Every structure is written in structure tokens, then in C-alpha cells.
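Letter by letter, the chains look like this.
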Amino acid sequence: MIPVVALVGRPNVGKSTLFNRLTRTRDALVADFPGLTRDRKYGRAELEEHEFIVIDTGGIDGTEEGVETKMAEQSLAAIEEADVVLFLVDGRAGLTVSDEAIAKHLRSRDKPTFLVVNKIDGIDADSACAEFWKLGVDAMYQVAAAHNRGVTALMERALAPFADSLKGDDEEGLIDLSSVEDIEKADLTEEDAEAAYKRLQEQPIKLAIIGRPNVGKSTLTNRILGEERVVVYDMPGTTRDSIYIPMERDGQEYVLIDTAGVRRRKNMNQVVEKFSVIQTLKAVEDANVVLLIIDARENISDQDLSLLGFVLNSGRSLVLAVNKWDGLDNEVKERVKSELDRRLGFIDFARIHFISALHGTGVGHLYDSVIEAYKSATKRISTSLLTRIMQMAQDDHQPPMVRGRRVKLKYAHAGGYNPPIIVIHGNQVNDLPSSYKRYLMNYYRRSLEMMGTPIRIQFQNSE
Ligand code: GDP
Ligand code: GDP
């Protein structure tokens, strides 16, 4: 499971700066879902081989009272959901009363917490840090978030426990064949490799049904689980994360990742637990295919776009479902479709379905797109095919000149799957304009008939 890191501290210590540094995005997922505070930000980060979710909990008011109320309301939920807490203080401003109040609060929680002294650029860090030992911590980390100093070392330490658990398999000498990449890396005979690919394709598809509150996730989940053709297996006990529901339909196995908490409710009339952004984001990370639901009766909101942005960032396969399509007159349907075109037209790889979870209309067709997306994302593509397509693209439309020399593409190979990564080698390829990169991407998508999954292209200068 992907770890969650919460950034905590009083205003102005540099939380946003560190957040932006880690996520490298300006448009973080800002949670203004009903029932959640407005100033909590969620982002997805990659650092070396680590992937994690970051929450910026928003500033905590300086007064004792403020810590009690605001911290309780805003940051507490984030801290509870986090695996690791980074407690930021300002090395230039020195220790303050609110730092001490926050520290006291954090001590009462049982979370791995790292004290991070920020803004140590241009000052005598060691003497500035000395007074922070009063906070009663075991270790502190000196960083300058604005200058990216100390950040990698800090994150390496904070995330180390999670990296170790991933590497366990190797140490015991087991060969992991749970992805196309693993199979290619393993030294197998052609026959064994074929069998491994086949097993992989027969794996259950992990499908996350996500969307903001009230779009119809529970209704759809219940509809899917209630279908006669679906066989639902016993599932393991409840956790603080989504419930995983194994099921089978038409010979294909799935694991439904239930972010709506359907299976956790004892009866249908019970109030749903508060919508959890973290739970949704973790579900995306853990899924093979994401089914994002949008409400046809509401305008496409910033929350829809934020969730979508997160899915795109994660590289997961995607199917879009516009729900509540029942009982709309044609004029409204046309308006919804042109709104989709205008705001989501840039996602050219995802199938869009118009469904009614309530009546079941269109729900059966979702499975086809889910399977198609999964197959596309895990398809094995040979070096010769990738190179041939690259060559055809280059013949149809030559790359431009850069500094008086024509860019030349030489060969291509697969660099990863789920999402598929294509690595193109050539002269000056790093200087290709983005329009040509986009052209190559579209060319590959059409030639490989890959629907439902993003494709990533990386360029490698071979000079
Ligand atoms: P937040 O309120 O905790 O989110 O703090 P911000 O990230 O908005 O930062 C507050 C101020 O501190 C801004 O003016 C930043 O430019 C500045 N700042 C952040 N990190 C550093 C740093 O590493 N060094 C210095 N000198 N300033 C920093
Ligand atoms: P969730 O919060 O995303 O799990 O949404 P729910 O499944 O609880 O649905 C929210 C509301 O929308 C409920 O009142 C549902 O009855 C209604 N709803 C869900 N799907 C449909 C649909 O396809 N058509 C119509 N008309 N209403 C729907």
C-alpha cells in the first residue's frame, strides 16, 4: 500500500513550499468536498523509487485554543490517515509557543513523526536548531525546502520502512512474476514465459470505483454486486482502508475496491461514513483500472477534475461513467455531452459510458471497457514492433531540425507497463518540440490500438 505523509506545522514554516517540492505540481488536489475543510491539499509524489501521497494539512493557528480547535478539526483527520507525520518548524524564527503546543499534541498520537527544521539556508543551522531539542524529539532533520536542500535525505529516512517491505521478496530469492516487466526480467524459457504471461492475463482485475460524494458509487456498486451473473466471494475483515470484494463475471475475475463503503454499512439506510479523499487516492494507486463516475445532473466540478488529475498522474487505466443518464431530455443530454467535450476532451484514451446505476442501463457494457483497458495496459509489445511503428511515424512526418541538424529517431523499446512506457533512442531527441512528441504518442496509440490506458514516451539521447 502506498504510504501517506502528512505535513504539519504552524503557518509560514514552509509546508506549501515542501508540498510543491515533493509533488512538483501547482494544481494539487484541493479538498473542498462537502464535509471536509477547504484548505487541505493532497498530492501524489515520486522520489527516487518511492511513491507516496502527501497531505498539506493547512496552517495551525498559534494560540493554545487554536491548536485545540483547528488542529482537532482540520489536521487531526489527516494525521490519523497518515502513516508518517512531518512536523515542520522554522529555523529562522526559532521555537514558538505554537510549535510546543503542536509537539505536545503529536506526542499524544502514536505516529512516526519527524521534526523538520526548515529555512536553514544562509544561517548557522546547528546553533539555530539547538533550541528545538526542547520539543523532546529523537531526531531532527535540517532542510531548506525552497532550495531543495536536505529534502531527499529526509524522505529517504521517512519512507525507508515502506521501501523495505517491498523488497522482501528479492531477499528470500523468490522470483516475482506479477507484472510483464518482472517476467521479462526473469530468465525464463520461452515456454515458461508464455505460461507466466497467460497467468498474468488471468489475474483478477483490481477495479476502483471512485467519484465525489453522491455521484452514485454505492448505487453502482450494489447494482454490480446484486447482478445474478456476479459471484461474490467472502472477503477479509474491515480495515481503515477500502474494502476489497472479489467477484467473478463471465469467467473474468475482479476485485472491486469499494470506496463508497457499501459493504461496511450494516444496512442500506445507514449513513455513509464521511467521504475520505485518502481512501479514494489509495484505491487509485492500488487499482489496475479506475472507474471514475461523474454526475450528469451536476456540472463538472473542480473536484471531478482534481480526482481525474490524480488518476492521470498515477498512470492508471481509466474508464469514465456519466451516471444518472435516466430521464434526461435530449436537450439536457446534448448540453452534458458538449460540456464533457469542452472540459474533458483532452483525455483521448478513455472510453466514456452513459449509464444509469439506478436502473442498470448501460452498466453491462462497462465491463468490456474495463477489460480492454486492463489488456491495453499490460500488453506485451516487442522492440521490433515499437521500432517499426516509430519508423513509420518518422517516414510519414519527419522530425524538425534543431540547431541546424535534423533530429533522428533510431529505435524504440518498452520501458515499463501499466502504464506502458515507450523509450525512444535517437540524436537530439531531448530537443524535440512537444508537438512532435504528441504526434508520436498519437501515432503509437492508433497503431497499437491501446484504449483505456495512458501511454508514456521517454526519450534517450544516443550520442
Ligand atoms: P506554509 O504556510 O507553512 O505553507 O509556508 P509556505 O510554504 O507558504 O512558506 C512561507 C514562507 O517561507 C514563504 O515566503 C516561502 O518562500 C518561505 N520559505 C519556504 N521554505 C523556505 C526555505 O527553505 N528557505 C527560506 N529562506 N524561505 C523559505
Ligand atoms: P455515492 O455517494 O457516490 O455512493 O452516491 P449514491 O449511490 O449514494 O447515490 C446518491 C444519490 O443519487 C442517491 O439518492 C441515489 O439514489 C441517486 N442515484 C444514483 N444513481 C442514480 C441514477 O443512475 N439515476 C438517478 N436518477 N439517481 C441516481
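Residues numbered from 1 in each chain as written. Chains lettered and ligands numbered in written order. Predicted model: local features only at pLDDT ≥ 70, side-chain atom pairs only at ≥ 80, totals over all residues.

(A) How the structure looks around the pairing of strand β11 (residues 252–258). Among the seven residues that make up β11, five are buried, leaving the element largely enclosed by the rest of the structure. Two strands pair when backbone bridges link them, and strand β8 (residues 205–210) and β11 are joined in this way by five bridges, in the parallel orientation. Within the sheet, the bridge partner assigned to Ala208 lies in β11 and is Ile257. The loop that links strand β10 (residues 243–249) with its antiparallel partner β11 comprises two residues; one of these, Asp250, has a positive phi angle of about 50 degrees. (Buried ≥ 20, exposed ≤ 12 C-beta atoms within 10 Å, placed from the backbone. Helix = DSSP H or I, 4+ residues; strand = E, 2+ residues; numbered from the N terminus. Pairing = 2+ DSSP bridges.)

(B) Quick look at the nonpolar core. Judged by nonpolar contacts, the single largest core of 89 residues is most densely connected at Phe87, Leu207, Ala208, Val289, Val290, Leu291 and Leu292. The leading source of residues in this core is strand β12 (residues 289–295), at six residues. When neighbours within four sequence positions are excluded, Leu291 is seen to be in contact with Leu207, Ala208, Ile209, Val319, Ala321, Leu366 and Val370. Core analysis: the next-biggest nonpolar cluster, separate from the first, contains 13 residues, Val407, Ile424, Val429 and Tyr444 among them. (Core = buried A, V, L, I, M, F, W, Y, C linked by C-beta atoms within 7 Å. Contact = placed C-beta atoms within 7 Å.)

(C) Structural view of the site of ligand 2. Close to ligand 2 lie 15 residues, the nearest being Gly216, Lys217, Ser218, Thr219 and Leu358. Of the residues forming the shell around ligand 2, the biggest block, three residues, is contributed by helix α8 (residues 217–226). Per-class residue counts for the shell around ligand 2 are five nonpolar, seven polar and three charged. (Near = placed C-beta within 6 Å. Nonpolar A, V, L, I, M, F, W, Y, C, P; charged D, E, K, R; others polar.)

(D) Geometry of the sheet that holds strand β18 (residues 421–427). Taken in spatial order, the three strands make up an open sheet running β17-β18-β19, and their pairing is mixed. Of all the strands in the sheet, the pair left with one neighbour each is β17 (408–416) and β19 (456–461). Averaged over all adjacent pairs, the angle separating strand axes in this sheet is 25 degrees, with direction ignored. The pairing of β17 with β18 spans seven bridges and is antiparallel. Across the sheet, Ala414 pairs through a bridge with Ile422, a residue of β18. (Axes fitted to C-alpha atoms, helices over the stretch in contact; angles between N-to-C directions.)

(E) Up close: the environment of Leu432. Here Leu432 shows up in the loop between β18 and α14 (434–448). For Leu432 and Lys206, which are 226 residues apart along the polypeptide, the C-alpha to C-alpha distance reads 36 Å. Non-local contacts of Leu432, meaning those with residues more than four positions away in its chain, are made with Pro399, Val407, Lys437 and Phe459.

(F) Representation of the sheet that holds strand β9 (residues 231–232). An order of β9-β10-β11-β8-β12-β13-β14 is seen for the seven strands of this open sheet, with the pairing classed as mixed. The open sheet has two edge strands with one neighbour each: β9 and β14 (351–354). The sheet contact formed by β9 and β10 spans two bridges and is antiparallel. Counterpart to Val232 in the pairing with β10 is Met247. Here helix α10 (residues 302–314) sits on the sheet in contact with β8, β12 and β13 (317–323), set at roughly 170 degrees to β12.

(G) Molecular detail of unusual backbone geometry. The omega torsion of the bond from Asn418 to Pro419 falls at 5 degrees, within 30 degrees of zero and hence cis. Turning to its location among the elements, Pro419 is positioned in the loop between β17 and β18. Look at Lys119: it is not a glycine, yet its phi comes out positive at around 65 degrees. Examined against the element boundaries, Lys119 turns out to sit in the loop between β6 (113–118) and α4 (125–130). Owing to 24 C-beta atoms within 10 Å, Lys119 belongs among the buried residues under this scheme. Despite not being glycine, Glu449 has its phi angle at roughly 50 degrees, a positive value. Relative to the elements of secondary structure, Glu449 occurs in the loop between α14 and β19. C-beta crowding within 10 Å serves as the criterion here: with 9 such atoms nearby, Glu449 is assigned to the exposed category.

(H) Local environment of the site of ligand 1. Among the 16 residues in the neighbourhood of ligand 1, the closest are listed as Gly14, Lys15, Ser16, Thr17 and Ala146. By residue number, the principal contributor to the shell around ligand 1 is helix α1 (residues 15–23), which donates three residues. In the shell around ligand 1, the residues fall into five nonpolar, eight polar and three charged.

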